Amino acid sequence: MTWFTEANTQQDIIDKAPTLAPTFKAFYDSFWQLSSAPPSLLELCRLRVAQLHQSDYQWQHQQIELSTEKRQSLSQWSKSAVYTDAEKACLAFTEVYCMDPQAITDAQAEAVKSELGDAGLVALIEALGLFYGMTRVSQLWGF
Amino acid sequence: MSNQPRVSANLSKTGNVVRDSALGLVTETVDPYLRFNHAIWHNGPLTAAEVELARLRNARKVNCVFCKAVRYDIAIEAGLDEAKVEQITDDFDQSELSQREKLILVYTDYYLQQPTAMTTEFKQRLTEEFSAAEIVHLSLAIMLCNCFSRCAVSLGGMPEEDLPRMQISVPE
């Protein structure tokens, strides 16, 4: 239950706007079927956004199953050997994106492009916007 | 901030501003995005003028030059004029905007700046003015506008100076 409705989950709250909920869900779901950015990579970035926002609600949510090691080492990803080069490039990009997208450097964008291509960079940026937004909305709603 | 675009769309020209942009490279998300965006602007419960208030507040805070220049015709038809737009500054609390409009801007600022910091008093004022469906609509609208203004900034190629005002329709 949150401060403006008795619904208990973010999705149940979104369902309170029935003229919007189905198109929102289709938009959100489309990110987990991309050819240019693997779901497991996006899930890592989603979880890093949750960590940076100190959002336990988003952290506890599991969109895609990851290894325990990858989840547990995430705050120390830059020093860990469990992440691929593509994952590290995307996590570095994620951290700057969350702080200030104007501070993203060309080198950080190129590092993502060298792993995922142009479409992968665009997909990551769109997905980060969605994860950042979902995290902030859940915090506004008291989760 | 990079003033060079970080990707080249290199797509066939369809005449659709979204499909022909870098967003068109991610083919799986384009149609779902356009349908969700359509719903945000056309399917209520908030008016397009109210959504535009939040969009422009976000545009100014994120400093997306393109987003700041755009005015959606549907919002103008719903009653948002430039006299109101000029009041979407950091001093909007002292403006002649209505209390409902000011609540929209304060909620947008909480999203942008500190989403965990909403006071009990503000939550009460919001629930007295807005239904649950309206609060969900406002939240999703802010999220969508913020997502794509940050996207525009992240993709590079943003002009350094403000652009002339552009009245356009919501992309379909």
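In short, a report on the structure. (Residues numbered from 1 in each chain as written. Chains lettered and ligands numbered in written order. Predicted model: local features only at pLDDT ≥ 70, side-chain atom pairs only at ≥ 80, totals over all residues. Heavy atoms only, no water.)

**Comments concerning the nonpolar core**
Test applied: Joining through side-chain atoms within 4.5 Å is the link that ties buried Ala, Val, Leu, Ile, Met, Phe, Trp, Tyr and Cys residues into a set, and such a set is a nonpolar core. Whether a residue is buried, partly exposed or exposed follows from its accessible area with a 1.4 Å probe, protein chains only, as a fraction of its type maximum: under 20%, in between, or over 50%, in that order. Only DSSP runs of H or I covering at least 4 residues are called helices, and only runs of E covering at least 2 are called strands; the numbering of each starts at the N terminus.
The biggest cluster of nonpolar side chains holds 112 residues, and the ones touching the most others in it are A:Trp141 and B:Tyr107. Sort the elements by how many residues they give to this core and helix H7 (residues 106-140) of chain A lands first, with 16 residues.

**Thoughts on the pattern of salt bridges**
Residue and element names in this part refer to chain B. The condition is simple: The working definition used for a salt bridge is a side-chain nitrogen of Lys or Arg within 4 Å of a carboxyl oxygen of Asp or Glu.
Under the counting rule described, the total for this entry stands at 19 salt bridges over all chains. Here Arg-57 ties to Asp-90 by a salt bridge, and the two come within 3.0 Å at their closest N and O atoms. One end of the pair, Arg-57, is in helix H2 (residues 48-62); the other, Asp-90, is in the loop between helix H5 (82-85) and helix H6 (99-113), with 33 residues separating them in the sequence. Residue classification places Arg-57 among the buried residues on the basis of a relative accessible area of 2%. Among the residues examined, Asp-90 registers a relative accessible area of 58% and is labelled exposed. Here the residues in one salt-bridge network are Glu-50, Arg-100, Glu-129 and Glu-134, joined through shared partners.

**What to know about the interface of chain A and chain B**
Definition in use: The criterion used for residue contact is that any of the two residues' heavy atoms lie within 4.5 Å. Joining two parts hides part of their accessible area as seen by a 1.4 Å probe, and the buried area is that hidden amount summed over both. Contacts described as polar in this section are N or O atom pairs within 3.5 Å, which, within protein, must combine one atom able to donate a hydrogen with one able to accept it, while residues neighboring in sequence count only if both atoms come from side chains.
The partner chain B presents 49 residues to the 44 residues of chain A that form the contact. Both faces combined, the contact of chain A with chain B buries some 4,100 Å², and carbon together with sulfur accounts for 70% of it. For chain A, the biggest contributors to the area lost against chain B are A:Trp3, A:Gln102 and A:Leu140; these three give 17% of the whole. With a shortest N-O distance of 3.0 Å, A:Asp106 and B:Arg6 are connected by a salt bridge. Connecting chain A to chain B are 13 residue pairs in polar contact (both at pLDDT 80 or more). Those elements giving two or more residues to the side of chain A that touches chain B turn out to be helix H1 (10-14), helix H2 (21-30), helix H6 (85-99) and H7 of chain A. If you tally residues by element for the side of chain A that touches chain B, the top one is H7(A), at 19 residues.

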